[in-house]
Amino acid sequence: MSANLVATTFEEAAPRYDSSGAQFAGPVADELVRLAAPRPGDEILDVGCGAGAITVRCARAVSPAGRVTALDLSEGMLRRTAAESAARGFDNVITRRGDAARPPFAPASFDTALASLVLYLLPDTGTALRNWRDLLKPGGTLAFSWGIGPDPRWTPVFSAVDAFAKGSSGFESYVRRLGSPASMTDQLAACGYTDVTVSTRTIDVHYTGPRQWWQASWAEAPRLAWQHIPDADRDRARRAAFALLERMREPDGTLVRQVRMAFATAQRPRGDAR
């Protein structure tokens, strides 16, 4: 998947990204920041910052002397992050446009780099992981998250919509592409990281009903596949999904999607002065 396609997709989604009321990016960010454990005074890089879920949490953790640099290819996402940071009173956030796979910073610039829900979007994960390692100070920490297990109850729902997306392999193909925690542990070691730890957690995403799910999905990662649906077929795709979702409602009428997530932390070796 090209960087330009990802940038264009999320530029279009930026005004509505993570704004439907369905909570996913926030709980993932909470867990990732907890594991990364940024400290007051740290220099932090938020790679692929989106609407700023990681940025604002780190800005609070590193205050008053630390700083967070938020990087994204989408100008719209950078505006969202800057606005959210300002609204919360943080003056220690810098936004910068750039490619998440090749961040435009000098080596050994950051104490910690975080990338939430980003790596699976990049065409060459090995290149990205090596570049992120080089941006860390020796002993610095990388922390990132990725999906490892779509909710099997929801697979037919996404497949029903994906069937209308011409020329796309479907949303869940993106979710699955990074593989298992064990394979990621091996890849991180091959890229020169040490002290690799991978944990897993299930995130429950709650929707008031099918309409909220549909709106949220069009502003998030499923858009990468669904933007290939011809305009004339979008209503048919929505009806196909809604018919399945009606059978999945909770007793109170809501919907719950359980997403299995993995969280990795790793260090650049303390003696690595490359």
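As shown above, the structure is provided for reference.
Residues numbered from 1 in each chain as written. Predicted model: local features only at pLDDT ≥ 70, side-chain atom pairs only at ≥ 80, totals over all residues. Heavy atoms only, no water.

S.K.: Describe in detail the overall build of the protein, supporting the description with residues and values.
M.R.: A tally of regular secondary structure across the protein gives 11 helices and 7 strands. Seen through its principal axes, the protein has C-alpha atoms that stretch 55 × 40 × 35 Å. Within the protein, the fraction of its 274 residues that count as buried is 54%. By sequence separation, contacts in the protein at least 24 residues apart represent 81% of the contacts at least 6 residues apart. Entry remark: accessible area of the protein is about 11600 Å², with carbon and sulfur atoms responsible for 50%. Taken as two groups, the 33 positive and 30 negative side-chain charges of the protein have centres that lie 1 Å from each other. (Helix = DSSP H or I, 4+ residues; strand = E, 2+ residues; numbered from the N terminus. Buried < 20%, exposed > 50% of the residue type's maximum accessible area, 1.4 Å probe, protein only. Contact = heavy atoms within 4.5 Å. Areas by Shrake-Rupley, 256 points an atom, 1.4 Å probe, with all protein chains shown as cover. Lys, Arg positive; Asp, Glu negative; His and termini not counted. Charge placed at Lys NZ, Arg CZ, Asp CG, Glu CD.)

S.K.: Tell me about the side chain of T81, residues and numbers included.
M.R.: Take T81: it is sitting in helix α4 (residues 75-87). Residue T81 is classed as buried on the basis of its relative accessible area of 0%. Leaving out residues up to four positions away in the same chain, T81 has contacts with C49, G50, A51, G52, T55, A70 and T95.

S.K.: Pulling in residues and values, what's your account of the packing of helix α9 (residues 210-218) against helix α11 (residues 234-245)?
M.R.: Contact geometry of α9 with α11 gives a least axis separation of 10 Å together with a crossing angle of 130 degrees. Between α9 and α11, the angle is such that the two are oblique. Every pair of crossing elements has a handedness; the one defined by α9 and α11 is right-handed. From α9, P210, R211, W213, W214 and W218 reach across to α11, where they touch R234, A237, R238, A241, F242 and L245. Among the residues forming the contact of α9 with α11, the class breakdown is 8 nonpolar, no polar and 3 charged. (Axes fitted to C-alpha atoms, helices over the stretch in contact; angles between N-to-C directions. Parallel < 35°, antiparallel > 145°, perpendicular 65-115°, else oblique. Left-handed = near helix turned anticlockwise from the far one by under 90°. Nonpolar A, V, L, I, M, F, W, Y, C, P; charged D, E, K, R; others polar.)

S.K.: Tell me about the pattern of salt bridges, and name the residues and values.
M.R.: If you walk through the whole model with that rule in mind, you get 15 salt bridges. A salt bridge links R34 to E31; the shortest N-O distance between them is 2.9 Å. Taken together, the residues span about one helical turn, with R34 and E31 both in helix α2 (residues 25-36) at a distance of 3 residues. The class for E31 is buried, based on a relative accessible area of 11%. What you see here is one network of salt bridges that share partners, running through E31, R34 and R201. (Salt bridge = Lys/Arg side-chain N within 4 Å of Asp/Glu carboxyl O.)

S.K.: Please provide a residue-by-residue account of the layout of surface pockets, values included.
M.R.: Of the voids in this model, the second largest pocket is the one considered here, and its volume is about 170 Å³. Surrounding the second largest pocket, 13 residues form its lining, R39, D111, G139, G140 and T141 being those nearest its centre. Listing elements by their share of the lining of the second largest pocket, those giving two or more residues are β4 (110-116) and β5 (136-149). The element that contributes the greatest number of residues to the lining of the second largest pocket is β5, accounting for 5 residues. (1 Å grid on protein atoms, 1.4 Å probe; cavity = no way out; pocket = protein on both sides within 12 Å on 5 of 7 lines; lining within 4 Å. Points joined across faces, edges and corners; volume = space filled by probe spheres on them.)

S.K.: I'd love a proper account of the sheet that holds strand β7 (residues 255-267), names of residues and values included.
M.R.: Spatially, 7 strands are ordered β3-β2-β1-β4-β5-β7-β6 in an open sheet, and the strand pairing comes out mixed. Strands at the two margins of the open sheet, each flanked by one partner only, are β3 (93-97) and β6 (194-207). Ignoring which end each strand starts from, the neighbouring axes of this sheet average 20 degrees apart. Of the pairings in the sheet, the one linking strand β1 (residues 43-47) to strand β2 (residues 67-72) comprises 5 bridges and is parallel in character. (Pairing = 2+ DSSP bridges.)

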